[in-house]
Amino acid sequence: QSFAEVLEDLKKVKQGQELTLDTFPIKKAKFRFIECYIPSDEDLLLGQIAVHNKIVQPDMMEECLNRQENLYLMGITLDLSDVLVDQKAVPPQQIIALQKTKLQFMLDRGDEMFFRCSANNNFLSSSEIEEYKKQQKAGTKGIAAILFSQGKINEEKRQKIYAAVKHMISGEEEKALLKASIENNLISQSQADKCSRIYSNNIVMGKYRTVGSVIVEKGFLSPEGLAIAIRAVRRNIITGKPIAKYISDKRIQ
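Residues numbered from 1 in each chain as written. Predicted model: local features only at pLDDT ≥ 70, side-chain atom pairs only at ≥ 80, totals over all residues. Heavy atoms only, no water.

Visitor: Outline the side chain of Asp111, listing residues and values.
Guide: Along the polypeptide, Asp111 turns up in helix H5 (residues 92–120). Despite its burial, Asp111 pairs with no opposite charge; the closest candidate is Lys141, at 6.0 Å N-O. At a separation of 2.8 Å, a polar atom in the side chain of Asp111 contacts the main-chain amide nitrogen of Ile143. If near-sequence neighbours (up to four positions away) are discounted, Asp111 is found in contact with Gln136, Thr140, Lys141, Gly142, Ile143 and Ala144. (Helix = DSSP H or I, 4+ residues; strand = E, 2+ residues; numbered from the N terminus. Buried < 20%, exposed > 50% of the residue type's maximum accessible area, 1.4 Å probe, protein only. Lys, Arg positive; Asp, Glu negative; His and termini not counted. Salt bridge = Lys/Arg side-chain N within 4 Å of Asp/Glu carboxyl O. Polar contact = N/O pair within 3.5 Å; in protein donor to acceptor, adjacent residues only side chain to side chain. Contact = heavy atoms within 4.5 Å.)

Here it is, written out as structure tokens:
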């Protein structure tokens, strides 16, 4: 249970003493959770754009997210854009404009993150970055993917770029997930600190692992509990409604 006990046992072994092995019961999960649906990265961004631009009001977006989740729980998976049309929250022609905005944002953001991490980590020279930025201004999108397909980015460098870009895009959400998990008593502060260190170390090593995967791997939270926490954080980002309510609605005491 502590390093002091380890040292004590080592002394006993060195002296030839027999060790008494104590067993400790595994703690049962504090809560059980109802199954849920986590909005995808694409749905998260589309929902943000729709609410931010007042195309869909938060309450209507909440209804559509609930509809999407209930369909999923019955075996039917629909993109949020399809649900918005089905619920008559957005006209079909406006959905096309929303999807185009989402696509442009994703590609532009990806390219910007790629250039930034390439400059910070010396993946590309200054002249190469300037050349590729010219191509971007000329209308070429997804520069990193093009360079990889052309063999100008090897697998090792690709993994490092992937880790850096994912961290830039998802870092704030990862922090929000840890914060929400602590505030809603899903994990302890010390457990959150440990997961945060592992997450950061992986990024430094050029490997990307989500905070959630670390939480589950360490046994701090069940996969079901993690799903509830991620769902709550993502719904909060889209609608602005409290994370605590989203978690309590799906938690069985």
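Visitor: Break down the confidence of the model for the protein chain for me, citing the residues and quoting the values.
Guide: For the protein chain, per-residue confidence averages 90 on the pLDDT scale, and 93% of positions sit at 70 or higher. When pLDDT is averaged over each element of the protein chain, helix H3 (residues 58–73) comes out on top at 98 and helix H1 (residues 3–14) at the bottom at 79. Confidence drops under pLDDT 50 across residues 23–29; counting only partners more than four residues distant or on other chains, this segment forms one contact. (pLDDT = per-residue confidence, 0-100.)

Visitor: I'd like a rundown of the environment of Ile49, residues and numbers included.
Guide: Structurally, Ile49 is set in helix H2 (residues 41–52). Counting along the chain gives 56 residues from Ile49 to Phe105, while the straight-line C-alpha distance between them is 9.9 Å. Residue contacts for Ile49: discarding those within four places in its chain leaves Leu98, Thr101 and Lys102.

Visitor: How would you summarise the pattern of salt bridges if you had to cite specific residues and measurements?
Guide: Per the stated rule, a full pass over the model turns up 15 salt bridges. Between Arg67 and Asp86 there is a salt bridge, and its shortest N-O distance comes to 3.3 Å. Here Arg67 is found in helix H3, whereas its partner Asp86 is found in helix H4 (residues 80–86), with 19 residues between them in sequence. Judged by relative accessible area, Asp86 falls into the partly exposed class, the value being 38%.

Visitor: Please give an account of helix H8 (residues 155–183) that cites residues and values.
Guide: Between the first and last C-alpha of H8 there are 39 Å, a value that for 29 residues agrees with the 42 Å anticipated at 1.5 Å per step. Where H8 bends most, the angle comes to about 60°, and this point is Ser170. Within H8 the residues assigned to the buried category are Ile161, Ala163, Ala164, Val165, Ser170, Gly171, Glu173, Glu174, Leu177, Leu178, Ala180 and Ser181. As for H8, its buried residues are in contact with H2, H5, helix H9 (189–204), helix H10 (211–217), helix H11 (223–239) and helix H12 (243–249). The distance from a side-chain oxygen at the start of H8 to the backbone nitrogen of Glu156 is 3.3 Å, and the residue carrying that oxygen is Asn154. Two residues or fewer past H8, Asn185 is found with a positive phi of approximately 60°. (Expected span 1.5 Å × (residues − 1). Bend = angle between axes of the 7 residues up to and from the residue.)

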